[in-house]
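If you want the building blocks of each chain, they are given just below.
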Amino acid sequence: MPAYDDDNIFAKILRGEIPSFKVYEDDDTFCFMDIMPRTDGHCLVIPKTPCRNILDATPAQLAACMATVSKVANAAKAAFGADGITLQQFSEAAGGQEVFHLHFHIHPRHEGVPMRAPGTMGDMDTIKDHAAQIAAAIS
Ligand code: 5GP
């Protein structure tokens, strides 16, 4: 497995070198909006410490991420009046991973509404609004 690359996009977001729409953070994790949202409210939870994916993450990194995933998923479900949540995690290129810093995708889902195809840039004002809506619903 390749070594962790400090120049990946999410490491740059963590260092503040690239802007992001923050939803939530604590000592160990950061949650921000995906800029190519496949659902309204599509956001990402990452650990603040380096690891590529599920294959090299420590139990502590995974536990911290899951605590934040639970918190944000409930807030996103409430904020969007969703019927459910899809949680995605891709590890290594063969597993569908494109950014090599561990992340969990959170998608609010509505009955019968499919996810959009990947790779289309979202409207930044809308994404900013969605970040604020989820953040406001976090207790
Ligand atoms: P992966 O396939 O690695 O699980 O997904 C990477 C995700 O990162 C994709 O959903 C993609 O839209 C998102 N992404 C790629 N570049 C950026 C970026 O610069 N900022 C944000 N917020 N998301 C990004």
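Above this note sits the structure.
This structure is a prediction, so every number in the text was calculated from the model and none was measured.

Colleague: Requested: an account of the environment of aspartate 123, with residues and values cited.
Modeller: Checked against the element boundaries, aspartate 123 lands in the loop between strand 5 (104-109) and helix 3 (124-137). The spacing of aspartate 123 and cysteine 31 is 92 residues in sequence and 19 Å in space, taken between C-alpha atoms. Here threonine 126 takes part through its side chain, which lies 2.7 Å from a polar atom of the side chain of aspartate 123.

Colleague: Outline the layout of surface pockets, supporting the account with residue identities and numerical values.
Modeller: Here the largest pocket is characterised by a volume of approximately 630 Å³. Among the secondary structure elements, those contributing two or more residues to the lining of the largest pocket are helix 1 (9-14) and strand 2 (29-33). For the lining of the largest pocket, the leading source of residues is helix 1, giving three residues. Taken together, the residues of the lining of the largest pocket break down into 15 nonpolar, eight polar and three charged.

Colleague: Kindly report on helix 2 (residues 59-80), identifying the contributing residues and their values.
Modeller: Look at helix 2: 31 Å from first C-alpha to last across 22 residues, which is about the 32 Å you get at 1.5 Å a residue. Buried residues of helix 2: Gln61, Ala64, Cys65, Thr68, Val69, Val72, Ala73, Ala75, Ala76 and Phe80, and no others. Residues of helix 2 that are buried in the fold lie against strand 1 (22-25), strand 2, strand 3 (43-47), strand 4 (84-88), strand 5 and helix 3. Immediately downstream of helix 2, the backbone of glycine 81 shows phi near 55°, a positive value.

Colleague: Give a description of the packing of helix 2 against helix 3 that names residues and reports values.
Modeller: Running from N to C, helix 2 and helix 3 cross one another at 115°; their axes reach a closest spacing of 8 Å. The orientation of helix 2 relative to helix 3 falls into the category roughly perpendicular. In this structure, the crossing between helix 2 and helix 3 has a hand that is right-handed. Taken together, the residues of helix 3 that come into contact with helix 2 (itself represented by Val72, Ala75, Ala76, Ala79 and Phe80) are His130, Gln133, Ile134 and Ala137. Tallied by class, residues from the contact of helix 2 with helix 3 come to seven nonpolar, two polar and no charged.

Colleague: I'd like to hear about the nonpolar core, residue by residue, with values.
Modeller: Core analysis: the largest hydrophobic core is formed by 22 residues, its most contacted members being Val23, Cys31, Met33, Cys43, Val72, Ile106 and Ile134. If you list the elements that add at least two residues to this core, you get strand 1, strand 2, strand 3, helix 2, strand 5 and helix 3. No other element matches helix 2, which puts seven residues into this core. Judged by nonpolar contacts, the second largest core, of seven residues, contains Phe10, Phe30, Leu44 and Ile46.

Rules of the game
- Residues numbered from 1 in each chain as written.
- Predicted model: local features only at pLDDT ≥ 70, side-chain atom pairs only at ≥ 80, totals over all residues.
- Heavy atoms only, no water.
- Helix = DSSP H or I, 4+ residues; strand = E, 2+ residues; numbered from the N terminus.
- Polar contact = N/O pair within 3.5 Å; in protein donor to acceptor, adjacent residues only side chain to side chain.
- 1 Å grid on protein atoms, 1.4 Å probe; cavity = no way out; pocket = protein on both sides within 12 Å on 5 of 7 lines; lining within 4 Å.
- Points joined across faces, edges and corners; volume = space filled by probe spheres on them.
- Nonpolar A, V, L, I, M, F, W, Y, C, P; charged D, E, K, R; others polar.
- Expected span 1.5 Å × (residues − 1).
- Buried < 20%, exposed > 50% of the residue type's maximum accessible area, 1.4 Å probe, protein only.
- Contact = heavy atoms within 4.5 Å.
- Axes fitted to C-alpha atoms, helices over the stretch in contact; angles between N-to-C directions.
- Parallel < 35°, antiparallel > 145°, perpendicular 65-115°, else oblique.
- Left-handed = near helix turned anticlockwise from the far one by under 90°.
- Core = buried A, V, L, I, M, F, W, Y, C linked by side-chain atoms within 4.5 Å.

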